[in-house]
Amino acid sequence: MSSHSKSLGEFDLIERFFKTGANSLRTTADSAIALGIGDDCALIRPPADEEIAITSDMLVEGRHFFAGADPELLGRKALAVNLSDLAAMGAKPLGFTLAIALPMVDKIWLEAFSKGLFAASYDYSCPLIGGDTTAGPLTISITAFGSSPTGKAIRRSGAKAGDDIWVSGTVGDARLALAALRHELNLPNADLQNIAHRMHQPTPRIELGIQLRGIASAALDVSDGLLGDLRHILKQSQVDAEIQLNQLPKSITLQKQGIGIQNQFAASGGDDYELCFTAPSTQREKIHTISKILNLPLTLIGKILPKKDVEVRIHLLDASGIELSNSEAAPFLNSFDHFAS
Ligand SMILES: [Mg+2]
């Protein structure tokens, strides 16, 4: 990790700290890392005929996570959300860099943070290959690098009228956990236990993204809310969509809530990190097979339609197939605003 002139002696300690964790990772992904931490730059040697996928994500205390959040969970999540972006493109992780600003050097905090960070690093064979540390308000910025065969990355722009719309896993649980922690609603402790990991420890769907190469026409990961994020695919692909509200996959825990909360959290709650993707209906059988192989539910939730107006549009259908009015649909279409208030 490089150190700027403003860097304090203590910050050199941190650098050594992360270096130890980075160097202790020896995985198959290492073969793509020609040079890791210790020089001015890391060197990545992508596999032959592959393209590099790059994504950055910044987490700011008070906006993206609570002040005083558990540092181990935070370390894990900081890397997981970046890997989720790689998953959305069908990219396999190669390595990541970490830039971190810390208000002070707290060794206990750092130890826990790096424990979580390196746990995710091991789980997804994605080593730390460089970065920077400085004093400042707690901010964690990670850039992750992955690769996929040339031309096979799944973009947002490929959805076509007639394609099916799918989502992995279940949606809305992270929002339900947040609602409970914010005391917006009362959730029995056992229920909170069941879903808290969905908020704190999102699972990047790396394997799913890789399996969907050549099958999905478009994809993204759900970070700000399913329908708000789906709109990004619609805009990039210049298409409309029809969504069956009652088809959104919900956990047993979320299903205990009133139907209004269920649908709102599933449709617009943030932080799910599931993949939403489109595919021609001829791919249904293959998608069901992928679901079985990965032991991960993949649910058909709607259909891509030709674009009718200047703006792209999501038509929301109720259980009887009747379209919701604009005002009825509005609460489901707004993206979750993270911690903005
Ligand atoms: Mg994303």
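Residues numbered from 1 in each chain as written. Predicted model: local features only at pLDDT ≥ 70, side-chain atom pairs only at ≥ 80, totals over all residues. Heavy atoms only, no water.

A. The arrangement of the domain arrangement of the chain in detail. In terms of domains, the chain is made up of domain 1 (9-149) and domain 2 (156-333). One C-alpha centre belongs to domain 1, the other to domain 2, and the line joining them spans 28 Å. Taken together, the 19 residues of domain 1 in the interface contact 18 residues of domain 2. Carbon and sulfur atoms make up 65% of the area that domain 1 and domain 2 hide from each other, which totals about 1600 Å². Linking domain 1 with domain 2 are 1 salt bridge. One salt bridge connects Lys 77 with Asp 271, and the closest N-O pair in it is separated by 2.8 Å. Going through the elements one at a time, helix H2 (71-88), strand S4 (92-102) and strand S6 (139-149) are the ones with two or more residues in the side of domain 1 that touches domain 2. For the side of domain 1 that touches domain 2, the element with the most residues is H2, which contributes 10 residues. Across the side of domain 1 that touches domain 2, the residue classes break down as 11 nonpolar, 4 polar and 4 charged. (Domains from an automatic or database assignment. Contact = heavy atoms within 4.5 Å. Buried area = accessible area lost by both parts, 1.4 Å probe. Salt bridge = Lys/Arg side-chain N within 4 Å of Asp/Glu carboxyl O. Helix = DSSP H or I, 4+ residues; strand = E, 2+ residues; numbered from the N terminus. Nonpolar A, V, L, I, M, F, W, Y, C, P; charged D, E, K, R; others polar.)

B. Structural context of the layout of surface pockets. Reported here for the largest pocket is a volume of approximately 480 Å³. Surrounding the largest pocket, 26 residues form its lining, Asp 57, Asp 85, Arg 156, Asp 221 and Ser 223 being those nearest its centre. Looking at the lining of the largest pocket, the elements with two or more residues in it are strand S3 (50-60), H2, strand S8 (218-221) and helix H7 (226-237). Each residue belonging to the lining of the largest pocket can be placed in one class, and the counts come to 13 nonpolar, 5 polar and 8 charged. Two domains each donate at least three residues to the lining of the largest pocket, and these are domain 1 (9-149) and domain 2 (156-333). (1 Å grid on protein atoms, 1.4 Å probe; cavity = no way out; pocket = protein on both sides within 12 Å on 5 of 7 lines; lining within 4 Å. Points joined across faces, edges and corners; volume = space filled by probe spheres on them.)

C. Representation of the pairing of strand S5 (residues 128-135). In terms of burial, S5 is a largely internal element, 6 of the 8 residues being buried. Pairing of S4 with S5, which is carried by 7 bridges, proceeds in the parallel orientation. If you follow Ile 100 over to S5, its bridge partner there is Thr 133. (Buried < 20%, exposed > 50% of the residue type's maximum accessible area, 1.4 Å probe, protein only. Pairing = 2+ DSSP bridges.)

D. Molecular detail of the packing of H2 against helix H3 (residues 107-123). Across the interface, H2 lies against H3 with an axial gap of 6 Å and an inter-helix angle of 35°. Considering how the two elements wind past one another, H2 and H3 form a crossing that is right-handed. Contact with H2, carried on its side by Pro 71, Glu 72, Leu 74, Gly 75, Arg 76 and Leu 79, involves Trp 109, Ala 112, Phe 113, Lys 115, Gly 116, Leu 117, Ala 119, Ala 120, Ser 121 and Asp 123 of H3 and no other residues of that element. Taken together, the residues that form the contact of H2 with H3 break down as 9 nonpolar, 3 polar and 4 charged. (Axes fitted to C-alpha atoms, helices over the stretch in contact; angles between N-to-C directions. Left-handed = near helix turned anticlockwise from the far one by under 90°.)

E. Representation of the coordination of the magnesium ion in the model. Every protein donor of the magnesium ion is accounted for by Asp 85 (OD) and Asp 221 (OD), and the metal-donor separations fall at 2.0 to 2.1 Å. You can see Asp 85 sitting in helix H2 and its partner Asp 221 sitting in strand S8, a full 136 residues away along the chain. Assessed through its relative accessible area of 3%, Asp 221 is described here as buried. (Donors = N, O, S within 2.8 Å, 3.2 Å for Na, K, Ca; no water.)

F. Seen up close, H3. Given a rise of 1.5 Å per residue, 17 residues ought to cover 24 Å, and the 24 Å separating the end C-alpha atoms of H3 matches this to within 8%. Within the sequence span of H3, burial applies to Trp 109, Leu 110, Phe 113, Ser 114, Gly 116, Leu 117, Phe 118, Ala 120 and Ser 121. (Expected span 1.5 Å × (residues − 1).)

G. Representation of the packing of helix H4 (residues 173-181) against helix H5 (residues 189-200) in the model. For the pair H4 and H5, the least separation of the axes is 7 Å and the interaxial angle reads 110°. By the angle class used here, H4 and H5 are roughly perpendicular. Our pair here, H4 against H5, has a crossing hand that is left-handed. In this structure, H4 contributes Asp 173, Ala 174, Leu 176, Ala 177, Leu 178, Ala 180 and Leu 181 to the contact, and H5 contributes Leu 192, Ile 195, Ala 196, Arg 198, Met 199 and His 200. (Parallel < 35°, antiparallel > 145°, perpendicular 65-115°, else oblique.)

H. Spotlight on the sheet that holds S5. Ordered by their spatial adjacency, 4 strands build an open sheet running S3-S6-S4-S5, and the pairing between neighbours is mixed. This sheet does not close on itself; its edge strands, each paired only once, are S3 and S5. Each adjacent strand pair in this sheet contributes to an overall mean axis angle of 15°, direction not counted. Inspection of the sheet shows S4 paired to S6 by 9 bridges, in the antiparallel sense. Looking at S6, one finds that Ile 100 is bridged to Ile 140. Packed onto the sheet, H3 meets S4, S5 and S6 and runs at close to 165° relative to S4.

I. Fine view of the pattern of salt bridges. A complete count under the given rule lists 11 salt bridges for this structure. The shortest N-O distance in the salt bridge between Glu 72 and Lys 115 comes to 4.0 Å. With Glu 72 in helix H2 and Lys 115 in helix H3, this residue pair connects regions lying 43 residues apart in the sequence. Through salt bridges with shared partners, a single network forms among Asp 173, Arg 198, Arg 205 and Glu 274.

J. Up close: the environment of Lys 19. Position of Lys 19 relative to the elements: it lies in helix H1 (residues 9-23). In this structure, the C-alpha to C-alpha distance between Lys 19 and Ala 101, residues 82 residues apart in sequence, is 16 Å.

K. Layout of the environment of Glu 274. Here Glu 274 shows up in the loop between helix H8 (259-268) and strand S10 (275-279). Take Glu 274: its relative accessible area is 0%, and that puts it in the buried class. Spatially, the C-alpha atom of Glu 274 lies 30 Å from that of Asp 132, the residues being 142 residues apart in sequence. Setting aside its immediate chain neighbours within four residues, Glu 274 contacts Val 167, Ser 168, Gly 169, Thr 170, Val 171, Arg 198, Arg 205, Leu 220, Asp 221 and Val 222. In this structure the side chain of Glu 274 is engaged in a polar contact, spanning 2.8 Å, whose partner is the side chain of Arg 205. (Polar contact = N/O pair within 3.5 Å; in protein donor to acceptor, adjacent residues only side chain to side chain.)

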